[in-house]
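Descriptive analysis of the structure
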Amino acid sequence: MNTVKIALNGKTYQAEEKEPVLKVARREDVDIPALCYHEGLDSYGACRLCLVEVTGGGRPGMTTSCTLAATEGLEVQTDSSEIAKIRKGLLELYLAQAPDADYIKELAAQYGIKKSRFARSREPGAPVQKCVLCGLCVRICNEAIGASVISFISRGPETEVNSPYLEPSPKCIGCTACADVCPTDVIQITDKDGIRMVETWSDTQVAMKKCSMCGAYCAPEPLMDTVYRGVPDLDEEVRELCIKCRRRLKIRKFSQMTK
Ligand code: FES
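To start, this report covers the structure provided alongside it. (Residues numbered from 1 in each chain as written. Predicted model: local features only at pLDDT ≥ 70, side-chain atom pairs only at ≥ 80, totals over all residues. Heavy atoms only, no water.)

**A few points about the overall build of the protein chain**
- Counting secondary structure elements, the protein chain contains eight helices and eleven strands.
- Seen along its three principal axes, the alpha-carbon backbone of the protein chain occupies a region of about 65 × 55 × 25 Å.
- Out of the 259 residues belonging to the protein chain, those deemed buried represent 39%.
- Nonlocal contacts in the protein chain, meaning residues at least 24 apart in sequence, comprise 45% of its contacts between residues at least 6 apart.
- Surface exposure of the protein chain reaches about 15300 Å², of which carbon and sulfur atoms provide 50%.
- Distance between charge centroids for the protein chain: 3 Å, based on 35 positive and 35 negative side chains. (Helix = DSSP H or I, 4+ residues; strand = E, 2+ residues; numbered from the N terminus. Buried < 20%, exposed > 50% of the residue type's maximum accessible area, 1.4 Å probe, protein only. Contact = heavy atoms within 4.5 Å. Areas by Shrake-Rupley, 256 points an atom, 1.4 Å probe, with all protein chains shown as cover. Lys, Arg positive; Asp, Glu negative; His and termini not counted. Charge placed at Lys NZ, Arg CZ, Asp CG, Glu CD.)

**Quick look at the sheet that holds strand E11 (residues 217-220)**
- Taken together, the four strands give an open sheet; going across it, the order is E8-E9-E10-E11, and neighbouring strands pair in antiparallel fashion. Two strands in the sheet have a free side with no partner beyond their single neighbour: strand E8 (189-192) and E11. Each strand axis lies, on average, 30° off the axis of its neighbour in the sheet, ignoring direction.
- In this sheet, strand E9 (residues 195-198) lies alongside E8 in antiparallel orientation, the contact comprising four bridges. Bridge pairing in E9 places Ile189 opposite Val198.
- In this fold helix H6 (residues 221-229) packs onto strand E10 (204-210) and E11, with an angle of close to 70° to the strand it touches most, E11. (Pairing = 2+ DSSP bridges. Axes fitted to C-alpha atoms, helices over the stretch in contact; angles between N-to-C directions.)

**A word on the nonpolar core**
- Counting residues in each nonpolar core, the largest one holds 23 residues, and the members touching the most others are Leu35, Leu49, Leu91, Tyr94, Ile104 and Val132.
- Secondary structure elements with two or more residues in this core: helix H2 (81-97), helix H3 (102-110), helix H4 (136-145) and helix H5 (177-181).
- The element contributing the most residues to this core is H2, with five residues.
- Both of domain 1 (3-79) and domain 2 (136-189) provide at least three residues apiece to this core.
- Sequence-distant contacts of Leu91, defined by excluding residues within four places in its chain, comprise Leu49, Leu107, Ala108, Tyr111 and Ile113.
- Counting residues in each nonpolar core, the second largest holds 21 residues, with Ile32, Ala34, Val54 and Leu68 among its members. (Core = buried A, V, L, I, M, F, W, Y, C linked by side-chain atoms within 4.5 Å. Domains from an automatic or database assignment.)

**Remarks on the side chain of Lys209**
- The residue Lys209 is located in strand E10 in this model.
- Despite its burial, Lys209 pairs with no opposite charge; the closest candidate is Glu240, at 4.1 Å N-O.
- Residue contacts for Lys209: discarding those within four places in its chain leaves Ala216, Tyr217, Cys218, Ala219, Pro220, Glu221, Met224, Arg239 and Glu240. (Salt bridge = Lys/Arg side-chain N within 4 Å of Asp/Glu carboxyl O.)

**Some remarks on the packing of H2 against H3**
- In the contact formed by H2 and H3, the axes pass within 10 Å of each other and the chain directions differ by 150°. Judged by the angle between their axes, H2 and H3 are roughly antiparallel. Along this stretch, H2 crosses H3, giving a crossing that reads as left-handed. Here Leu91, Tyr94 and Leu95 of H2 come into contact with H3, specifically with Ile104, Lys105, Leu107 and Ala108.
- Tallied by class, the residues present in the contact of H2 with H3 amount to six nonpolar, no polar and one charged. (Parallel < 35°, antiparallel > 145°, perpendicular 65-115°, else oblique. Left-handed = near helix turned anticlockwise from the far one by under 90°. Nonpolar A, V, L, I, M, F, W, Y, C, P; charged D, E, K, R; others polar.)

**Quick word on the sheet that holds strand E5 (residues 75-77)**
- An order of E2-E1-E5-E3-E4 is seen for the five strands of this open sheet, with the pairing classed as mixed. Each edge of the open sheet is held by one strand with a lone partner, namely strand E2 (11-16) and strand E4 (61-64). Going across the sheet, the axis of each strand differs from the next one's by a mean of 40°, ignoring polarity.
- The sheet contact formed by strand E3 (residues 51-56) and E5 spans three bridges and is antiparallel. Note that in E5 the partner of Gly56 across the bridge is Glu75.
- Each of E3, E4 and E5 touches H2; the most contacted strand, E3, lies at about 160° to it.

**Points about a positive patch on the surface**
- A contiguous patch of positive charge, built from Lys244, Arg247, Arg248 and Lys250, is present on the exposed surface.
- Within the element layout of this structure, Lys244 appears in helix H8 (residues 243-257).
- We classify Lys244 as exposed; its relative accessible area is 57%. (Patch = residues over 30% accessible without salt bridge, like charges linked within 9 Å, V, L, I, M, F, W, Y side chains within 5 Å.)

**Details of the layout of surface pockets**
- Computed from the structure, the largest pocket encloses a volume of approximately 910 Å³.
- Lining the largest pocket are 37 residues, and of these Gln97, Val128, Gln129, Lys130 and Cys131 lie nearest its centre.
- Among the secondary structure elements, those contributing two or more residues to the lining of the largest pocket are H2 and strand E7 (160-162).
- Here the residues of the lining of the largest pocket sort into 18 nonpolar, ten polar and nine charged. (1 Å grid on protein atoms, 1.4 Å probe; cavity = no way out; pocket = protein on both sides within 12 Å on 5 of 7 lines; lining within 4 Å. Points joined across faces, edges and corners; volume = space filled by probe spheres on them.)

What follows is the structure, encoded as structure tokens:
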């Protein structure tokens, strides 16, 4: 791994060569707003909010920091009146798209925006609108988990993320990765009576496995099957246990050994 030195707002930091500048900024507590970046996925520069300006050591101009690779001597300005103006315009659009998303409201407020010029009129009792279509949930499900449960459906203002034909998906393993990466807390998942219900994906239901020792529901069955495929040598006894009972079993075996 080669290390390079880059400057953010005039201060020098060490980075891995080709590391996304946004990743360096996050590590060093330099604030850059971003919606579609996740360290576990390739950067794809969709939301444009992480815009910065290259001022030296590279091709000068505005670019997205999530797709900007750290190179020796790179100089970057993460905030300026020009950058703030572009982010404001973007945040107004996101606020119109997701007027109920607290995170977007907070970001917009940081840039002095309380109301979007592009806000659409809404009927009383209209569905909650929190999704900014950043695509993180789709990408984590497809590219990292490999389940491909959801995708973008419809077009234009009707575009949304959901399961095909708005039907419950048999492919969902109940891992909750989609909810974990969602920046605006759109995805509703509840566990009840041995079922993990993914309400947002057309009420997809995933059966939970019971711990053979304490009887508590511990994790979705297809998720456990997926994990166990990666550890074929795992003791059969352990496979049937929840985390707490695994610890209990370990402690019990250890104390028997030391008697
Ligand atoms: S985080 Fe860089 S474009 Fe979205």
